[in-house]
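Survey of secondary and tertiary structure
Residues per chain, in single letters:
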Amino acid sequence: MLQLTPQLIIFFSVAALAIASALGMLFSRNTVYAALLLVLNFTTVALIYFMIGAPFIGLAQITIYAGAIMVLFLFVIMLLGTEVIAKHGPVGFQHIAAAFIGLVVIAEAIFVFLIKGQSALSIIPGGNVVDVMEIGDLLYNQYLLPFEITSFILLVAVIGAILLTKQERVKSRIGKDEAKK
Amino acid sequence: MNTIPMSYFLVLSAIMFSLGAIGVITRRNPLVIFMSLELMFNAANLTFVAFSNAFGNANGQIFVFFVMVVAAAEVAVGLALIVAIFRARGSIDIDLMSSMKN
């Protein structure tokens, strides 16, 4: 029933790599390894994006997620010196609940997959390519207002991050003002 | 026809999303929790792009772009919060952040 075409072989190998790196991220006891495995996961998902005709999103994934965000993560991990995670205590209620929820969702997905099998919709690898021009056209015409709002969100995030990490100076200034009184 | 059924992408996305959810619930290091959160964003993005390809409509990819922007902003603020908490308490264990309980 399932004909193993080259496209399917590529998809299965990339998907296996994505799931394996996600599992490795989940169970790694070293935060740096977890971050690097997540970079691998983002890169494999970017490969899938390239495969299904989203080159802009794939490149944005690599530059924004695998590049910028994960470098920020690694920077904070090494700044705080929390590389090695301490062995956690006994298996609590949270772990049982999490295992239950996760297994239910995964089992449900596989069950639906086995029951329904081939869905009516299908992906054409390399087809329906949305090029950068089309994305830019949509962003600057139909989605102009949301696009402007994202710039505002980023501005607010930058100001918030600076304010949160500059606490000491503010605190010492408040202390000085109180000392004057 | 060299096509891949849509359900394969959805199952991959569901598995990645539930792995991220498990990570958010079980781990106690906020950095790992944030990474699991990114994994969940990633799974949702994969679904968006897959449907965008299946329907031949570019709007899904625009939404992925916006999700990425919001995720970047969220990570910047979240990591700044983690740094601030670490400075104030010297530890970032989630279970120890219960000072508002009493």
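All values derive from a computational prediction rather than experimental measurement. (Residues numbered from 1 in each chain as written. Chains lettered and ligands numbered in written order. Predicted model: local features only at pLDDT ≥ 70, side-chain atom pairs only at ≥ 80, totals over all residues.)

Moving on: the nonpolar core. Counting 65 residues, the largest nonpolar core has Leu38 of chain A together with Met16, Met35 and Val49 of chain B as its most contacted members. Mapped by element, the contributors of at least two residues to this core are helix 1 (6-27), helix 2 (31-51), helix 3 (55-80) and helix 6 (144-165) of chain A together with helix 1 (6-26), helix 2 (30-55) and helix 3 (59-89) of chain B. Setting aside chain neighbours within four positions, we find Met16 of chain B in contact with Ala18, Ile19 and Ala22 of chain A together with Leu39, Asn42 and Ala43 of chain B. (Core = buried A, V, L, I, M, F, W, Y, C linked by C-beta atoms within 7 Å. Buried ≥ 20, exposed ≤ 12 C-beta atoms within 10 Å, placed from the backbone. Helix = DSSP H or I, 4+ residues; strand = E, 2+ residues; numbered from the N terminus. Contact = placed C-beta atoms within 7 Å.)

With respect to the secondary-structure elements, Leu8 of chain A resides in helix 1. The spacing of Leu8 of chain A and Pro125 of chain A is 117 residues in sequence and 9.4 Å in space, taken between C-alpha atoms.

A few words now on the interface of chain B and chain A. Often, the extent of an interface is quoted as the loss of accessible area on bringing the components together. Opposite the 58 residues of chain B that make contact, chain A presents 74 residues. For the side of chain B that touches chain A, the elements supplying multiple residues, two or more each, are strand 1 (4-5), helix 1, helix 2 and helix 3 of chain B. Broken down by element, the residue count for the side of chain B that touches chain A peaks at 21 residues, all from helix 3 of chain B. When its residues are assigned to classes, the side of chain B that touches chain A shows 43 nonpolar, 13 polar and two charged. Two strands pair when backbone bridges link them, and strand 1 (residues 122-123) of chain A and strand 1 of chain B are joined in this way by two bridges, in the antiparallel orientation. Counterpart to Ser122 of chain A in the pairing with strand 1 of chain B is Pro5 of chain B. (Nonpolar A, V, L, I, M, F, W, Y, C, P; charged D, E, K, R; others polar. Pairing = 2+ DSSP bridges.)

Turning our eyes to something else, we now look at the environment of Ala21 of chain B. Residue placement: Ala21 of chain B occurs in helix 1. Residues Ala21 of chain B and Ser36 of chain B, 15 residues apart in the sequence, show an inter-C-alpha distance of 7.0 Å. In this structure Ala21 of chain B touches Ile101 and Gly102 of chain A together with Met40 of chain B, once residues within four positions along its chain are discounted.

With that out of the way, let us pick up the packing of helix 3 of chain A against helix 2 of chain B. The interhelical angle for the contact between helix 3 of chain A and helix 2 of chain B, taken along N-to-C directions, is 175°, at an axis separation of 12 Å. In terms of axis orientation, helix 3 of chain A runs roughly antiparallel to helix 2 of chain B. Counting all contacts with helix 3 of chain A, which are made through Ile57, Ile69, Phe73, Val76 and Ile77 of chain A, the residues of helix 2 of chain B involved are Leu31, Met35, Glu38 and Val49 of chain B. Residues that form the contact of helix 3 of chain A with helix 2 of chain B fall into these classes: eight nonpolar, no polar and one charged. (Axes fitted to C-alpha atoms, helices over the stretch in contact; angles between N-to-C directions. Parallel < 35°, antiparallel > 145°, perpendicular 65-115°, else oblique.)

The predicted structure's coordinates, where accompanied by low pLDDT, should not be read in detail. Mean pLDDT over chain B: 86, with 95% of residues reaching 70 or higher. Reported for the predicted complex are a pTM of 0.85 and an ipTM of 0.90. (pLDDT = per-residue confidence, 0-100.)

On to helix 3 of chain A, then. Here helix 3 of chain A is 26 residues long and its end C-alpha atoms lie 36 Å apart, about the 38 Å a rise of 1.5 Å per residue gives. In the structure, helix 3 of chain A departs most strongly from a straight axis at Met70 of chain A, where the bend amounts to approximately 30°. Phe56, Ile57, Gly58, Ala60, Gln61, Tyr65, Ile69, Phe73, Val76 and Ile77 of chain A are the residues of helix 3 of chain A that are buried. Looking at the buried residues of helix 3 of chain A, the elements they touch are helix 2 and helix 5 (132-140) of chain A together with helix 2 and helix 3 of chain B. Once helix 3 of chain A finishes, Gly81 of chain A follows within two positions and takes phi at roughly 65°, a positive value. (Expected span 1.5 Å × (residues − 1). Bend = angle between axes of the 7 residues up to and from the residue.)

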